[in-house]
Amino acid sequence: MLMTKGRAGGPEAGLSGVSGALLAMSRHLEVRDVLKTIVVSARELLDAEYAALGVPDDHGGFAQFVVDGVSEEQWKAIGPLPRQHGILAAMLKDATPQRLADVRLDARFEGWPSAHPVMSDFLGLPIADGDEVLGAVFLANKRCPKPEGGCGFTAEDEELLSILAQHAAIALTNARLYERSRELTIAGERARLAHELHDAVSQKLFSLRLTAQAATALVDRDPARAKEELQQIALLAAEAADELRSAVVELRPAALDEDGLVATLRTQVQVLDRAHSAHVTFASRGVRALPAAQEEAVLRVAQEALHNALRHAGARQVDVTLARRGQGARLRVADDGRGFDPSVVRRAGRHLGLVSMRDRAGGVGGGLTVESAPGKGTVIEMEVPGG
């Protein structure tokens, strides 16, 4: 029978806590939400001061690292995401549980950043799906009297966390499959629309070319017929423009219509945070729904700014903020990358998407500012008026 010594309410309370944690995990479909639920549930279930969960990347670091028990200010002061070394590496590479009386005394311990909270007793387990290690969850500083020279976490705690980790693997795998299926659905719909757009516009352009050739041949010998052909060209051009406009409306990101700007931006930032070694964050404050054209412009500018920060600037930290500004909104994308001299970029004819971003902002009645300098990172701000 599973026991839970040291936990108020006895064994039933522990089992009830596991049940509640599993139900909480099953309610979420987004990977980041699942990770946060696992961490919070584990810390509460085992009454620890700190909890964290790391999802490894392919470069010796973590694609995601979620913590509980550490304030936002503390987390920012700690600095970049940890690397896979020491105890964390043991859990990820060997898929072995780790229960230590004092993590600082372990031979594999390699120290912490100066702002890191002090941790002693430690319990960590891998989260695995078969042979694939999806991540590692660990707890520190059990809130209980500790035996002399011993660990506050018990074998029963390890058993509880093992159950949680097994179900966490299922929840995490399901969330990844959900996100992947959604991406494939959107990609398939875009491919269909692109094919239809190609067919429709190609036909119109082909007709335009033939009609223009006919009008050219008739200009001298039959001006009246040439005039009719030119009128037909105008009509075909208008139809082609309508086809393009309707296609643009259809190609508006599906997630904007389904989820709105805030949720769409948050999801895209979460995906980038997983896909890159840089830490990418998103925060929103009091944003109202905006006219469709403004929402799309904000999303496209955010995407371009994120692309520049992650692909070109070598940023380690990128912060995206969307805040209410009167009836409209202000987007801010700040990175700590290598930066650039905007005037030099303009003179060299390299725009890093700045012209496109300014055009998008101006096209919806908004404005865009860029602050950057070599070695100083970049801040891009866009304001839209709302409706």
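As the structure is a prediction and not an experimental result, all values here were calculated from the model. (Residues numbered from 1 in each chain as written. Predicted model: local features only at pLDDT ≥ 70, side-chain atom pairs only at ≥ 80, totals over all residues. Heavy atoms only, no water.)

(A) A look at the overall build of the protein. When you go through the protein residue by residue, the secondary structure sums to ten helices and ten strands. Per-residue burial for the protein yields a buried fraction of 44% across its 387 residues. In the protein, the share of contacts with a sequence separation of at least 24, taken over all contacts with a separation of at least 6, comes to 63%. Accessible area of the protein: about 19,900 Å², with a carbon and sulfur share of 53%. (Helix = DSSP H or I, 4+ residues; strand = E, 2+ residues; numbered from the N terminus. Buried < 20%, exposed > 50% of the residue type's maximum accessible area, 1.4 Å probe, protein only. Contact = heavy atoms within 4.5 Å. Areas by Shrake-Rupley, 256 points an atom, 1.4 Å probe, with all protein chains shown as cover.)

(B) Just the packing of aromatic side chains, in detail. Applying the stated criterion to the full structure yields five aromatic pairs. Between the aromatic rings of Phe-65 and Phe-138, the centroid separation amounts to 6.3 Å while the plane-to-plane angle is 45°, which identifies the pairing as tilted. Residue Phe-65 is located in strand β2 (residues 62-68), and its partner Phe-138 is located in strand β5 (residues 132-142); the two are separated by 73 residues in the primary sequence. Comparing Phe-65 with Phe-138 shows no difference in burial state: the two are buried. Judged by centre distance (5.3 Å) and plane angle (25°), the ring pair of Phe-122 and Phe-138 falls under stacked. (Phe/Tyr/Trp six-rings, centres within 6.5 Å; stacked < 30°, edge-to-face > 60°.)

(C) Focus on the pairing of strand β4 (residues 122-129). For β4, a buried count of six out of eight residues is recorded, marking the element as mostly surrounded by other parts of the structure. With three bridges joining them, strand β3 (residues 98-100) and β4 adopt antiparallel strand pairing. Within the sheet, the bridge partner assigned to Gln-98 lies in β4 and is Gly-124. Direction of pairing for β4 relative to β5: antiparallel, over a ladder of eight bridges. Counted as the bridge partner of Pro-126 is Ala-136 from β5. Hairpin connection from β4 to β5: two residues lie between these consecutive antiparallel strands, with Gly-130 at a positive phi of about 65°. (Pairing = 2+ DSSP bridges.)

(D) Fine view of helix α8 (residues 292-312). With 21 residues, α8 should reach 30 Å at 1.5 Å per residue; the first-to-last C-alpha distance of 30 Å fits that figure. Trailing α8 by a residue or two, Gly-314 shows a phi angle of about 65°, which is positive. (Expected span 1.5 Å × (residues − 1).)

(E) Local environment of unusual backbone geometry. One non-glycine residue, Asp-47, lies in positive phi territory at about 55°. Mapped onto the secondary structure, Asp-47 falls in the loop between α2 (31-46) and β1 (48-56). The phi torsion at Asn-141 lies on the positive side, around 60°, for a residue other than glycine. Take Asn-141: it is sitting in strand β5. With relative accessibility at 10%, the residue Asn-141 sits in the buried group.

(F) Just the sheet that holds β2, in detail. Pairing is antiparallel across the open sheet formed by five strands, whose spatial order is β2-β1-β5-β4-β3. Every interior strand has two partners, whereas the edge strands, β2 and β3, have only one. For this sheet the average axis-to-axis angle between neighbouring strands, irrespective of direction, equals 15°. Sheet strands in contact with α2 are β1, β2, β4 and β5, and its direction is about 40° off that of β2. (Axes fitted to C-alpha atoms, helices over the stretch in contact; angles between N-to-C directions.)

(G) Molecular detail of the sheet that holds strand β9 (residues 367-372). Spatially, β6-β7-β8-β10-β9 is the arrangement adopted by the five strands of the open sheet, whose pairing is mixed. Edge strands, defined here as strands with exactly one partner in the open sheet, are β6 (279-285) and β9. Direction aside, the axes of adjacent strands within the sheet are offset by 10° on average. Pairing geometry for strand β8 (residues 328-335) and strand β10 (residues 378-384), over seven bridges, is antiparallel. Looking at the pairing, Ala-334 lines up with Val-379 of β10.

(H) Focus on the pattern of salt bridges. If you walk through the whole model with that rule in mind, you get eleven salt bridges. Measuring nitrogen to oxygen at the nearest pair gives 2.9 Å for the salt bridge that ties Arg-104 to Asp-102. With a closest N to O distance of 3.4 Å, Glu-383 and Arg-325 form a salt bridge. Of the two residues, Glu-383 is situated in strand β10 and Arg-325 in strand β7 (residues 317-325); the sequence distance between them amounts to 58 residues. By sharing partners, the salt bridges in this structure join Lys-36, Arg-43 and Asp-68 into a single network. (Salt bridge = Lys/Arg side-chain N within 4 Å of Asp/Glu carboxyl O.)

(I) The arrangement of the confidence of the model for the protein in detail. Averaged over all residues, the pLDDT of the protein equals 80, while 80% of them reach at least 70. Scored below 50 in pLDDT, residues 1-13 shows 20 contacts in the model against residues more than four places distant or in partner chains. (pLDDT = per-residue confidence, 0-100.)

(J) Up close: the nonpolar core. One finds Leu-261, Leu-265, Val-318, Leu-322, Leu-331, Leu-368 and Met-382 to be the most contacted residues of the largest nonpolar core, which totals 34 residues. A total of nine residues in this core trace back to one element, the largest contributor, which is α8. With residues near it in sequence (within four places) discarded, Leu-261 still touches Leu-256, Leu-290, Glu-295, Val-298, Leu-299 and Leu-322. Counting 30 residues, the second largest nonpolar core, distinct from the first, contains Val-34, Leu-123, Leu-160 and Ala-168. (Core = buried A, V, L, I, M, F, W, Y, C linked by side-chain atoms within 4.5 Å.)

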